[in-house]
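# Summary of structural features
Letter by letter, the chains look like this.
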Amino acid sequence: MSITILTTIAVIVLLGKESFEFFKEVSVVSFLFGTNWSPLIPPHSFGVLPLVCGTMWIVLGSVLFAVPIGLLVAVYLSEYASDKVKSYLKPVLELLAGIPTVVYGYFALTFITPLMKWINPEIEVFNAASGAIVVGIMILPMIASLCDDAFSAVPGSIKQGGYALGANTFEVIKDILIPATKSRIGAATVLAVSRAIGETMAVTLAAGATARLTADPFVSIQTMTSFIVQVTMGDAPAGGIEYLSSFAVGTLLFLMTLVMNIIGNQWVFKSRIRVV
């Protein structure tokens, strides 16, 4: 526990120190609300909104892909699957969760994107949609597992009461199971969002590195994490404003993830109180 606390403090101090140096030269307002991000090529511009936009494309797309499928998988495991089927599906979900993210990135680049280009040749090789789909596949096991745990925590007497009143399985799921666990489903979604926000390698390989403020999911974008990777690969001189910009982006990313984790943990805590 003490090592975790000390590590967290060290990260906060490092991010805060370097970000302070950055914001001595760039105003917070222009950083947060600027619409042009070009920190490595003169004339420099440090408006982070294109990176935030790219990150949100990945987050929203992956959640829209993963939450419905994950919920359906959890419902199937909880209410329909036999013990034999569960013994096969559970390891498959664990296997998906254990695959390295760089493998997911190459999967998006060599399978998902070519499939999308077969449907629409105008889609760019690197695009937000491919990144969102592959991140959705990555967070799918988390959502399915958390929702399955939530369904399992519902007392059997409640479901049996529904069956006793003449409800079928679908009605029990729709009117009893899901309403009783909506807080934990919401918490699973929030925790998955925080996981998607911090994803790096899969997004870097699938979505590209073009910082742009766009409403088109089929063009190349850049996320906050992929920019940090770009800087750490030697594209900026150490100690310069370009280098310091990665710490400012990292601080914003840290705060966004922290907020999402706090919200998710609060929902989990409240849902446990209700169940107890």
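Higher on the page you've got the structure.
Keep in mind that what you see is a predicted model, and the values were worked out from it rather than measured.

A separate point is the nonpolar core. Counting 54 residues, the largest nonpolar core has Phe22, Phe31, Trp37, Val48, Val134, Met224 and Val249 as its most contacted members. Secondary structure elements with two or more residues in this core: helix H3 (49-80), helix H5 (101-119), helix H6 (128-153), helix H8 (169-180), helix H9 (182-197), helix H10 (201-207), helix H11 (224-235) and helix H12 (241-275). For this core, the leading source of residues is H6, giving 10 residues. The contacts of Val249, once residues within four sequence positions are left out, are Phe31, Trp37, Val48, Leu51, Met224, Phe227 and Ile228.

Packing of helix H7 (residues 156-164) against H8 leaves a shortest axis separation of 10 Å and a crossing angle of 130 degrees. Taken together, the axes of H7 and H8 are oblique relative to one another. In this structure, the crossing between H7 and H8 has a hand that is right-handed. Seen from H7, the contacting residues are Ile158, Lys159, Gly162 and Tyr163; seen from H8, they are Thr169, Val172, Ile176 and Leu177. Broken down by class, the residue content of the contact of H7 with H8 amounts to five nonpolar, two polar and one charged.

Another aspect to go through is the packing of H3 against helix H4 (residues 83-98). Angle between the axes and distance between the axes: these two values describe a pair of packed helices. Relative to each other, H3 and H4 sit at 150 degrees, their axes nearing to 10 Å. Looking at the two axes, H3 sits roughly antiparallel to H4. For the pair H3 and H4, the sense of crossing is left-handed. Residues Val73, Tyr76, Leu77 and Ser78 of H3 form the contact with H4, whose participating residues are Val85, Lys86, Leu89, Lys90 and Leu93. Residue classes in the contact of H3 with H4 are distributed as six nonpolar, one polar and two charged.

The next thing to look at is the packing of aromatic side chains. Applying the stated criterion across every chain, the model contains nine aromatic pairs. Ring centres of Trp37 and Phe227 lie 5.0 Å apart, and the angle between their planes is 85 degrees; this geometry places the pair in the edge-to-face category. Taken together, the residues Trp37 in strand E1 (residues 37-38) and Phe227 in helix H11 connect sequence positions 190 residues apart. Each of the two residues, Trp37 as well as Phe227, counts as buried. With 5.2 Å between their ring centres and 20 degrees between their planes, Phe107 and Phe111 make a pair best called stacked. Of the two residues, Phe107 and Phe111 both sit in helix H5, four residues apart, roughly one turn of that helix. The partly exposed category is assigned to Phe107, whose relative accessible area is 35%. In this structure Phe111 comes out as partly exposed when scored by relative accessible area, which is 46%. Three or more aromatic residues link up through ring pairs in this structure, and these residues are Phe22, Phe23, Phe31, Trp37, Phe46 and Phe227.

Parameters at a glance
- Residues numbered from 1 in each chain as written.
- Predicted model: local features only at pLDDT ≥ 70, side-chain atom pairs only at ≥ 80, totals over all residues.
- Heavy atoms only, no water.
- Core = buried A, V, L, I, M, F, W, Y, C linked by side-chain atoms within 4.5 Å.
- Buried < 20%, exposed > 50% of the residue type's maximum accessible area, 1.4 Å probe, protein only.
- Helix = DSSP H or I, 4+ residues; strand = E, 2+ residues; numbered from the N terminus.
- Contact = heavy atoms within 4.5 Å.
- Axes fitted to C-alpha atoms, helices over the stretch in contact; angles between N-to-C directions.
- Parallel < 35°, antiparallel > 145°, perpendicular 65-115°, else oblique.
- Left-handed = near helix turned anticlockwise from the far one by under 90°.
- Nonpolar A, V, L, I, M, F, W, Y, C, P; charged D, E, K, R; others polar.
- Phe/Tyr/Trp six-rings, centres within 6.5 Å; stacked < 30°, edge-to-face > 60°.

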